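# Structural features, examined
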Amino acid sequence: MSKTTMQQELKERLDYDELMNCMRCGFCLPSCPTYTQTDLNEPASPRGRIALMKGVVDGLIEPDEDFEKQLNLCLGCRACEPVCPSGVKYGHLLEEARDVLAQRKKYSLPVKVLRRVVFDELFPKKDRMRRLNGLIWAYQKSGLQGVTQKTGVLKVISRNLAEMESILPDIPSPKQMKNRPIEVRANGEVKKKVAFFSGCLMDTMFMKTNDASIELLQLAGCDVWIPETQNCCGALHAHSGEKEQAKRLAKRNIEAFEMEGVDYIISNAGGCGALLVEYDHLLKDEPEWKERSRKFVEKMKDISEVLVELEFHKKDLSLLPQTITYQDSCHLRNVMGTSGAPRQLLKAIKGVTYKEMKGADQCCGSAGVYNLVQQDMSMQILDDKMRHAKETEAQTIVTANPGCLLQMKLGVKRKGLDHKVKAVHIVDVLLEAVH
Amino acid sequence: MLDSNVKELLIGIVGEGNVNDSSESRLAYSYDATPNFQSLPDAVVMPNSTEEVRKILKVCNDCQIPVVPRGSGTNLCAGTCPTEGGVVLVFNKMNRILEIDEENLTVTVQPGTITQEMIKAVEEKGLFYPPDPSSMKISTIGGNLNENSGGLRGLKYGVTRDYVLGIQVVLPNGNVFRTGGKLAKDVAGYDLTRLFVGSEGTLGVITEATLKLVPMPETKKTMLAIYDDIDAAAKTVSKIIANKVIPATLEFLDHPTLEVVEDFAKIGLPTYAEAVLLIEQDGALEVVERDMEKIMRICEEEHAISVDVAKSDEEAAALCTARRSALSALARMKPTTILEDATVPRSKVAQMVKAVNEIAGKYDVKICTFGHAGDGNLHPTCMTDVRDKDELKRVEKAFEEIFAKAIELGGTITGEHGVGEMKSPYLEWKLGREGIEAMRGLKAAFDPNGIMNPGKMFAKDSRKRVVVGV
Ligand SMILES: Cc1cc2nc3c(=O)[nH]c(=O)nc-3n(C[C@H](O)[C@H](O)[C@H](O)COP(=O)(O)OP(=O)(O)OC[C@H]3O[C@@H](n4cnc5c(N)ncnc54)[C@H](O)[C@@H]3O)c2cc1C
Ligand code: SF4
Ligand code: SF4
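Keep in mind that what you see is a predicted model, and the values were worked out from it rather than measured.

Turning to the overall build of chain B, a few remarks are in order. When its secondary structure is counted, chain B shows 15 helices and 18 strands. At 22 Å, chain B has a C-alpha radius of gyration in line with the 23 Å of a compact globule built from 470 residues. Taken along its principal axes, the extent of the C-alpha atoms in chain B is 70 × 60 × 40 Å. Residues classed as buried in chain B amount to 61% of the 470 residues present. Within chain B, residue pairs in contact and separated by at least 24 positions form 73% of the contacts whose partners lie at least 6 positions apart. When the accessible area of chain B is evaluated, it comes to approximately 18600 Å², of which 49% is carbon and sulfur surface. If the 54 positive side-chain charges of chain B are averaged to one point and the 68 negative ones to another, these points end up 3 Å apart.

See below:
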C-alpha cells in the first residue's frame, strides 16, 4: 500500500467526529505512561496521537515511519479514556489505525506463514491451543514480534525468552484439559445462572485459574455453564491488525453464548473481557448482529464484580498473615470499569493487610505482546512498577489478567525478589482464602 | 523548514536529541486547546537551562526566526499556535522545583513545572499556593504566569499575578536579568515582574519564578446551592458580595453544563436544576461556619430550591474536580466547542448572564454558561461544528455581541485566558487605538525584531466595533 492509499484508507476508516471530539485540553496527558516515560513528549501522548491521526486524515502530514512508530509505542492501555471529560474513544481510533497499518505490511514468506498459523489456525481453534505447551506459546509471541519489528528481532527474542520461559506456569496435561464438564451446579441455593468465558490462554496455560474461577462461582451460588463451542475472544487479532478474523471469532462466541436464562457472561481476564464487552462496537457495521451483540455485551461482567454482587466478601475468608497489593489490569479498569471490586474482595480476607501501590492504575507494560515488541519501554515501565510494588512491602502482588500476571512474575524475577514475593491471579487467592 | 545551518547551531546548543524537525514533532506542537487554530512550526527545541535558552534566543534573533514558548499547550486563545512557523520552545526538561523556602514562604520553580505538582509539594509542607486554574493538573507555571491565569479560588485569593514575587527573564538579544525577589516590598524601578506576567510569551522567556505562598487555611467547607431559575442564581452571586462576604470559591454552572459534567463525573449532581452555585469558604473554623451560614441564608432568600453542604472532604473534592472538567465535558456534545471569557464587574453578573442567553437566542446558537461567577468571569461556551460555515458565522456574530456587551457593562473581552491570536482582533475594543500603540511601543523595546510569539496580541486587522443591538 502506498502512502497515498494508506492516507485514503485512514481517511475512510477513522471516525472523523471522534477525532474532532478531542478538544485538546490535555487532561489525559498525566495518565499516559508513554508520555511520562518520554520526558513529556507530546507526540507520545494521547492528545498527540489523536492529532497525528487527524493530521494524516487532514493531509497535513504523511503516514510515515515516525507516525507508525508512534502508534506502535502506544500501549493500548486506554488509561487516557476514563480521564477524558469529553469521552473520546481513543482505543477505537487506535485499533482502526493499526488495522490499516497492518494491512499495508509486506511480510516475508516465513512471517506470513507464521501469522496464518498463529492467527487463523492456532488461537481460533481450541483443540490446537490445548496441544501447545507454554514454551511454544512464548515462541508464538516472539513470532508476533517478528511481524511487528523488522530488525534486531532475534537478538531481542533471545534476550527475553529465557526470562519468559522461567516464569511460565506448569502446563496441565492434555488429558486434564479435556475433562472439563459443560455445566456445574451451585453449592447450595442458586442465586444466579451464569455462563463462563474460558478463553484460549486462560484455558490452557492458566487452566488451574479457570477451574478456581468456576469453583468460586459455585461457592457464591451460581449455576455455571461453560459453552463448548466458544473460542478465543479475538483480542490479539483485533489489536494486531487482524480485525476480520476478530469479527469472525466474535460472532462464533455470540452464537455460543446465546442461551435463555443466563444472567451474566463472566470472564476472569481483563484483556479478554474488554474486547468481549465491546463486541457491539467491533460488529457495528453489521446491522444483523446489532441486537445479538448488544445482548451479549449487556451480560458481560468480570468475575470480581459478580462475586461482590453475590456477597462473596462476606464469607469467612482468611489467609496466613501477609501484605497484599493489587495491580489493576488496564483493560479491566479502563474499559470494563472494574477497579473497586477486586480491592474490596482482597480487603475482606482476614490476615491480609491490603496496601495500595502507587500508580496501581497505570499499565505494567505487558499490554498484549507489547513487552516483546517494545521491550525497552516495557521494561522501563516495569522497573518503575516494581519499585512501587517494593515500597508496599507486599509479599503477594495480585492481578486480574494473565498478561499482567506474567509481567509481574517477570518483574519480580528481574528484581531478584522471587524468593520473597509472589504474583497471583485474584481468583487463586480467593480460592485459597475460602478453603 | 529550518535552515540547515541554523539547525546545526541549535543542535550545538541543546544537543541532537533536543532539536526535532520531523513532521511528527512539528504536527504535535502545531496546536493548543483552541479550536480551529493549527500551524506547523519549523522545529521543536527543548532547552535544559537558562543558558541554553539565552543562546537559542540569540541565534533566533540574529536569524529572525520566530520563537514560540510553550508550556503544556492548554491555553484557549491560540497562544502557542506557531502562526508564523519558527521554533517552539518546550520546557519539559526545565521542570524542577528549585526551592521551597519555609522561612520566607516562597517557592522557586523552573517554568515547565506542572502547577498541580508544585501545589502538592508545597501543601506537603503545610503551605498554600492559591491560583488553581481548572487545567492545573497539566498546565505549567510558565503558562500560568504568561496568561496570568485565574482559578476557582480567585475571588478571595486573586490570580497568578498576585503571587509572583520575582522572575528570571531572557530577552531576545540574549540579556538575562532577574526582577523582584523574596521580598514583600520592592519599588526599585519599573515593575517588570507585573509586565511579564500576562505577556503571553511576546516579550521574552521566563526561565525561573519565585512565587508567594500563604499558610494553609485551617478548614474548608463546600456547598452546592441549587436553583430552578438561572437569574436567581446569578442574582445570588451579586448579593453575596454586596453583603460583604468573600467566599474562596463562587462558581456558576447552568443546566446543560451540569448535565454533561454529571455524564462524565457521575457523582450525583442535580441535573434537574436550571443552575447551581458551587461555593467554598476556607479559614478559621468559626469564620468559615459564620460565613457559610450567612451565604446559605442569602441563597435561600434568593430562592434556591436547596442548599447542601458537602459531608466529607472527598465529596467536596469531587465537586471541585467535576467543576474543573466542565469545559472538556461540554466538548462531548458537539464536534467544536468555542469558549469565551467575558468578564464584568461582579455586580453585573446577573445582567451579563441574561444578555448571553438573549444573544444566543437572537442568533439561534447553543450557548452554555459556567464560570468563576464570583470574579464576574463567565465562560459562555458555544457548541457548534466548524464544518457548518453558516452556523459558524452566527456564532462569531454572537460572540462579538457578547464582547461588546461586556465592555458596555464596564468589563473586558478576556478575564483570564489571554488574547493570543484568537482575540487579537478585539483587543482594540478594550484598549482603544492609543492603548494598543502604547503596548506596541513596549513590545518593540523588548523585542525589536518581533521574534517573540509573533501574530499574537496585536492583530493585523482589528474588527470593526459592533454596536450592541437595542
Ligand atoms: C479545560 C481547560 C480549563 C482551563 N481552565 C482555566 C482556568 O480555570 N483559569 C485560567 O486562567 N485558565 C484556564 N485554562 C487555560 C490554560 O490552561 C491556562 O492559560 C494555562 O495557564 C496555560 O498553561 P500551559 O502550561 O498550558 O501554557 P501554554 O498554553 O503552553 O502557554 C500559554 C502562554 O504562555 C506562554 N509561555 C509558556 N511558557 C512560557 C515561558 N517559560 N516563557 C514565556 N512564555 C511562556 C506561551 O507562549 C503562551 O502564550 C483552561 C484550559 C483548559 C483546556
Ligand atoms: S483525548 Fe480527551 S482528555 Fe485528552 S486532550 Fe482530547 S479531549 Fe482532552
Ligand atoms: S492507550 Fe495508554 S499508552 Fe496509549 S495513548 Fe492512551 S494512555 Fe497513552
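Once that is clear, we can look at the UniProt feature "domain: FAD-binding PCMH-type" (unreviewed entry) in chain B. Using the residue numbers shown here, the UniProt feature "domain: FAD-binding PCMH-type" (unreviewed entry) corresponds to residues 37-216 of chain B. Secondary structure across residues 37-216 of chain B comprises 22% helix and 24% strand; the distance between its end C-alpha atoms is 40 Å.

Tracing the sequence through the fold places alanine 329 of chain B in helix H12 (residues 326-330). According to the relative accessible area criterion, alanine 329 of chain B is buried, its value standing at 0%. Residues alanine 329 of chain B and leucine 258 of chain B lie 71 residues apart in sequence; the distance between their C-alpha atoms is 9.5 Å. Setting aside anything within four residues of it in sequence, one finds alanine 329 of chain B in contact with Pro85 and Ser86 of chain A together with Val260 and Val261 of chain B.

The partner chain B presents 40 residues to the 33 residues of chain A that form the contact. Of the roughly 2900 Å² buried at the junction of chain A and chain B (both faces included), carbon and sulfur atoms supply 59%. Applying the counting criterion to the chain A and chain B interface returns 2 salt bridges. On inspection of chain A and its partner chain B, the count reaches 15 residue pairs in polar contact (both at pLDDT 80 or more). Looking at the side of chain A that touches chain B, the elements with two or more residues in it are helix H2 (16-21), helix H4 (46-57) and helix H5 (65-73) of chain A. The element that contributes the greatest number of residues to the side of chain A that touches chain B is H4 of chain A, accounting for 5 residues. Grouping the constituent residues of the side of chain A that touches chain B by class yields 18 nonpolar, 8 polar and 7 charged.

What follows is about the domain arrangement of chain A. All names here are of chain A. Along its sequence, chain A is carved into domain 1 (3-104), domain 2 (109-174), domain 3 (180-308) and domain 4 (314-434). Of note, the centres of domain 3 and domain 4, computed from C-alpha atoms alone, are 23 Å apart. Contacts between the two partners involve 28 residues from domain 3 and, on the opposite side, 24 residues from domain 4. A buried area of about 2000 Å², summed over both sides, lies between domain 3 and domain 4, and 76% of it is on carbon and sulfur atoms. Broken down residue by residue, the surface that domain 3 buries against domain 4 is led by Phe206, Leu216 and Val308, which jointly contribute 21%. Taken together, domain 3 and domain 4 are joined by 7 residue pairs in polar contact (both at pLDDT 80 or more). Going through the elements one at a time, helix H12 (207-220), helix H15 (270-276), strand S5 (300-302) and helix H18 (303-309) are the ones with two or more residues in the side of domain 3 that touches domain 4. At 8 residues, the largest contribution of residues to the side of domain 3 that touches domain 4 is made by H12.

Ligand 2 sits among Cys22, Met23, Arg24, Cys25, Gly26, Phe27, Cys28, Arg47, Ile50, Cys84, Ser86 and Val88 of chain A. Looking at side-chain class alone, the shell around ligand 2 contains 8 nonpolar, 2 polar and 2 charged residues.

The rules behind the values
- In every chain, residue numbers begin from 1 and rise along the written sequence.
- The order in which chains are written sets their letters, starting at A; the order in which ligands are written sets their numbers, starting at 1.
- In view of the model being predicted, local features appear only for residues whose pLDDT reaches at least 70, and side-chain atom pairs are presented and counted only at 80 or more, with totals across whole chains, interfaces and linings using the full set of residues.
- Each side-chain value is worked out from all heavy atoms of the structure, with water and hydrogens disregarded.
- Each helix is a run of H or I in the DSSP string that is no shorter than four residues. Each strand is a run of E no shorter than two, and both are numbered from the N terminus.
- Atoms considered for the radius of gyration are the C-alpha atoms alone. The globule rule reads 2.2 Å times the number of residues to the power 0.38.
- When a residue's accessible area, from a 1.4 Å probe over protein chains only, is under 20% of the maximum for its type it is buried; when over 50% it is exposed; and in between it is partly exposed.
- Every residue pair with non-hydrogen atoms within 4.5 Å of one another is taken to be in contact.
- Computed with a 1.4 Å probe, the accessible areas rest on the Shrake-Rupley method; for each residue, only the protein chains presented here act as cover.
- Counted as positive: Lys and Arg. Counted as negative: Asp and Glu. His and the chain ends are not counted at all.
- Note that the charge is assigned to NZ on lysines, CZ on arginines, CG on aspartates and CD on glutamates.
- UniProt positions are given in the numbering used here, feature names are shortened, and annotations may be inferred rather than shown by experiment.
- The quantity reported as buried area is the accessible area (1.4 Å probe) lost by two parts once they are put together, taken as the sum for both.
- When a carboxyl oxygen of Asp or Glu lies within 4 Å of a side-chain nitrogen of Lys or Arg, that pair is called a salt bridge.
- Under this definition, polar contacts are N or O atom pairs within 3.5 Å; protein pairs additionally need one hydrogen-donor-capable and one acceptor-capable atom, and for neighbouring residues in sequence, both atoms have to be side-chain atoms.
- Residue polarity follows a fixed list, in which Ala, Val, Leu, Ile, Met, Phe, Trp, Tyr, Cys and Pro are nonpolar, Asp, Glu, Lys and Arg are charged, and the others, Gly among them, are polar.
- Annotation comment: domain bounds sourced from an automatic or database domain assignment.
- Residues are counted as near a molecule or strand when any one of their heavy atoms sits within 4 Å of it.

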